[in-house]
Amino acid sequence: MVERLYGVMHGSATEFGGVRLLDNLVAPSKGLMRDLLTLSPGARVGIETSPELGRPLEIQGETVDFAESNKFYWDRIQRLCKRRGLEVVYLEDFETYKKYLEKVFEMRPLNEALESEFRTGGVPERVMQQMHRVQTEAEYMFLFEREEKIFDRIAETQPAIAILGRGHTDPLLLNSEALTCRGISVGEHKAEELFFPPWHWD
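The structure presented is a predicted model; accordingly, all values stated were derived computationally and were not measured.

Novice: Which residues make up the overall build of the protein chain, and what values go with them?
Specialist: On a plain count of helices and strands, the protein chain comes out with six helices and nine strands. Here the protein chain holds 202 residues, and the buried ones make up 40% of them. Intrachain contacts of the protein chain at a sequence separation of at least 6 include 82% that bridge at least 24 residues. When the accessible surface of the protein chain is split by element, carbon and sulfur atoms take 51% of a total near 11400 Å².

Right, dumping it as structure tokens:
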């Protein structure tokens, strides 16, 4: 059984025109950290990331670096787990996430084509439809395929505490079928309070 399922906001980046302007750093809350400290050494803690997402990736010949805010949050969870002797379980399926990024990169030439055609006074319907399809495929991978893999991983590892973004956990308050169909029972659903800027740890 998952004793506590935490829904968190693990940071974000402010962007304009596809350029990252600001990382919005968020620290894990005091309540979450206290809950982790109540676990016995060796207990499992599931987190919505993977080791590969903590370093730059090469996608179609370009380097993709993830928002510092995301790494900042999960690094602090992992540091506490290490000090406490807790086993970290990575819930994110890296290959699925990488497929999503590759799909996002497919949109670049389509975006360029749309901008070019827009400047000349018309956008071919063919390009519009293709762009819509690729966008939909990317969103489906990000929202649904990733989530399926995450829930499968929870069922496989049964962490004492699972920590996911609230985009995954909030809907489970209304419909937990995605968990129950996998034999996952949850003792307590918790939503974490936010702290801006981080209240602890450099």
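So much for the structure itself; the text now carries on.
Novice: An account of the packing of aromatic side chains is requested, with residue identities and associated values reported.
Specialist: Under the definition given, this model contains five aromatic pairs. Judged by centre distance (6.3 Å) and plane angle (65°), the rings of Tyr 97 and Phe 142 are edge-to-face. One end of the pair, Tyr 97, is in helix H3 (residues 94–119); the other, Phe 142, is in helix H4 (residues 125–157), and 45 residues separate them in sequence. By relative accessible area, which is 13% here, Tyr 97 ends up buried. Looking at Phe 142, the relative accessible area reads 28%, which means it is partly exposed. Between Tyr 140 and Phe 144 the ring centres are 5.2 Å apart and the planes differ by 35°, which places this aromatic pair in the tilted class. Taken together, the positions of Tyr 140 and Phe 144, both in helix H4 and four residues apart, correspond to about one turn of that helix. For Tyr 140, a relative accessible area of 45% puts it in the partly exposed group. Given a relative accessible area of 45%, Phe 144 falls into the partly exposed group. An aromatic cluster is defined as three or more aromatic residues linked by ring pairs; in this entry it consists of Tyr 97, Tyr 100 and Phe 142. The ring of Phe 105 has Arg 108 lying over it, and the distance from NZ or CZ to the ring centre is 4.4 Å.

Novice: Lay out the nonpolar core with the relevant residues and their values.
Specialist: Judged by nonpolar contacts, the single largest core of 19 residues is most densely connected at Leu 32, Leu 36, Leu 39, Val 45, Tyr 73, Ile 77 and Ile 163. Elements with a minimum of two residues in this core: strand E1 (2–8), helix H1 (30–37), strand E4 (44–47), helix H2 (68–84) and strand E8 (161–165). Looking at this core, the element that brings in the most residues is H2, giving five residues. Sequence-distant contacts of Ile 77, that is, excluding residues within four places in its chain, are made with Pro 28, Leu 32, Met 33, Leu 36, Ile 47 and Ile 163. Of all hydrophobic cores here, the second largest spans 17 residues; its members include Leu 53, Ile 59, Met 131 and Met 141.

Novice: Explain the pattern of salt bridges residue by residue, including any values.
Specialist: Counted by the stated rule, this structure contains 15 salt bridges. Between Arg 146 and Glu 92 there is a salt bridge, with its nearest N and O atoms 2.6 Å apart. One end of the pair, Arg 146, is in helix H4; the other, Glu 92, is in the loop between strand E7 (87–90) and H3, and 54 residues separate them in sequence. Pair check on accessibility: Arg 146 and Glu 92 agree, each one buried. Within this structure, Glu 3, Arg 4, Asp 35 and Lys 190 form a network of salt bridges that share partners.

Thresholds, definitions, all that
Residues numbered from 1 in each chain as written. Predicted model: local features only at pLDDT ≥ 70, side-chain atom pairs only at ≥ 80, totals over all residues. Heavy atoms only, no water. Helix = DSSP H or I, 4+ residues; strand = E, 2+ residues; numbered from the N terminus. Buried < 20%, exposed > 50% of the residue type's maximum accessible area, 1.4 Å probe, protein only. Contact = heavy atoms within 4.5 Å. Areas by Shrake-Rupley, 256 points an atom, 1.4 Å probe, with all protein chains shown as cover. Phe/Tyr/Trp six-rings, centres within 6.5 Å; stacked < 30°, edge-to-face > 60°. Lys NZ or Arg CZ within 6 Å of the ring centre and 35° of its normal. Core = buried A, V, L, I, M, F, W, Y, C linked by side-chain atoms within 4.5 Å. Salt bridge = Lys/Arg side-chain N within 4 Å of Asp/Glu carboxyl O.

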